[in-house]
Each structure stands twice: as structure tokens, then as C-alpha cells.
Amino acid sequence: MMRRGAPAITAAALIAAIGLSGCGGTDRPVPTTPRVTVPTTTGPALTATAFRTTVNNACTALYARVGALGNPPTDSVAEARAWYPKAAAAWHAHLDSVAGLVPPADLAAQWARVVDDYRLITQAADDNVALANSDREAIELINSDPTAEQTRIGAEMIDRLRALVLTGCTGGS
């Protein structure tokens, strides 16, 4: 009898462990977010001056909009649910304003990489909105993989922005 009971108890313990493994903070499912896409650019190329002026102005607008939001909340879920969609909207507006620009031919390859970086940052912002809407704690969002991805991409693209002489996007450097 002990032999028959032992497998049943073991199976019950295993099922309980599997069932409980989905409980808790970061194991809650997160809704998927649509992938951010960038339209194909068409039209004549801008002059280098017009291109840089347009992009620098767009970056200034982005930084003003994000700066007006203040720091991301770290202790209020309700504030996080309000903050992250506003930050994502700022990134979407920025991407929309610059993705369709056609730079001079000598800047095109570098600019294509910057636009893709902006797309990835915007996607990460959307992913944080999904996390905020899945009842994550505010501190989890500031420490999330999408936030880390935004930081990593931003650090990697700074040299590309400098090479394009987009000082409005690099803090003037």
C-alpha cells in the first residue's frame, strides 16, 4: 500500500509545485504588443542642413516632451500606468516625425541604423506599457528588460548620432 500511495503523493506534490510556479510578481502573463514598424521612405533627399535641422528639432521636441513627464514612478502602480503610455506616445511621435525623412546619400546608411534604433526604443516603450497594464509593481517597470533595452540602445546609438552631426539628439556634443 505504501508503494501505491508514494507515487500519488509525489504526483500531487509535483502538480502543486507546477501550479504554484505561475503565481507571484513577474510570472504573470503579459499581453503581447504590436510590433512597431517604420514606413519605407520615398521622395527626394533633403540637403544635409535641412536634414540635420529637422532631426535636431524633432529630438528637442522629444526631450522636452519626455522631460515634462518627470522621472518614471517607482512606488505607485497607478502613476506608472499613467506615465508609461505618455512616454510611449512621445517616442511614437518622435519616430513618426523622423522615420520618413530622406537624408543625403552619404548619410543614408548611418541614418537607417538610427531609425531602427528609434524603432527598437519605441517598441520597448510599448512593451513597458503592456507591463504596466499587467499589474506589475512600479519598481518592476523601472528595472524591466524593456527599460534596460532602451538604455542599451540609447548608449549604442550615440556615436551614430554624433557621426551624423545631430547635436540636438546628443545633448549638444
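One can find the structure itself at the top, above this paragraph.
What counts as what
Residues numbered from 1 in each chain as written. Predicted model: local features only at pLDDT ≥ 70, side-chain atom pairs only at ≥ 80, totals over all residues. Heavy atoms only, no water. Core = buried A, V, L, I, M, F, W, Y, C linked by side-chain atoms within 4.5 Å. Buried < 20%, exposed > 50% of the residue type's maximum accessible area, 1.4 Å probe, protein only. Helix = DSSP H or I, 4+ residues; strand = E, 2+ residues; numbered from the N terminus. Contact = heavy atoms within 4.5 Å. 1 Å grid on protein atoms, 1.4 Å probe; cavity = no way out; pocket = protein on both sides within 12 Å on 5 of 7 lines; lining within 4 Å. Points joined across faces, edges and corners; volume = space filled by probe spheres on them. Nonpolar A, V, L, I, M, F, W, Y, C, P; charged D, E, K, R; others polar. Phe/Tyr/Trp six-rings, centres within 6.5 Å; stacked < 30°, edge-to-face > 60°.

K.L.:
Which parts of the structure should I look at to understand the nonpolar core?
P.N.:
With 35 residues, the main nonpolar core has Val55, Trp111, Tyr118 and Leu166 as its most contacted residues. Counting residues per element, the ones that place at least two in this core are helix H2 (48-69), helix H3 (77-98), helix H4 (108-132), helix H5 (138-142) and helix H6 (145-163). Among residues more than four places away in sequence, those in contact with Leu166 are Phe51, Arg52, Val55, Asn56, Trp111 and Leu161.

K.L.:
Would you mind showing me how to read the layout of surface pockets here?
P.N.:
Over the atoms, a rolling probe the size of a water molecule traces out where space has been left empty. Taken as a whole, the largest pocket spans an internal volume of roughly 400 Å³. Every residue lining the largest pocket is counted, 22 residues in all, and those nearest its centre are Val66, Trp91, Ile121, Gln150 and Thr151. For the lining of the largest pocket, the secondary structure elements donating two or more residues are H2, H3, H4 and H6. When residues in the lining of the largest pocket are grouped by element, the largest group, seven residues, is from H6. In terms of residue class, the lining of the largest pocket is made up of 17 nonpolar, five polar and no charged.

K.L.:
Looking at this structure, how should I read the packing of aromatic side chains?
P.N.:
In this description, an aromatic ring pair is defined by two values, namely the gap between the centres and the angle between the planes. The full count for this structure, using the stated rule, is three aromatic pairs. Taking the centre distance of 4.9 Å and the plane angle of 90 degrees together, the rings of Phe51 and Trp111 count as edge-to-face. One end of the pair, Phe51, is in helix H2; the other, Trp111, is in helix H4, with 60 residues separating them in the sequence. Given the relative accessible area of 0%, Phe51 is considered buried. What makes Trp111 buried here is its relative accessible area of 3%. Between Trp91 and Tyr118, the ring centres sit 6.0 Å apart and the planes meet at 40 degrees, which makes this aromatic pair tilted. One end of the pair, Trp91, is in helix H3; the other, Tyr118, is in helix H4, with 27 residues separating them in the sequence.

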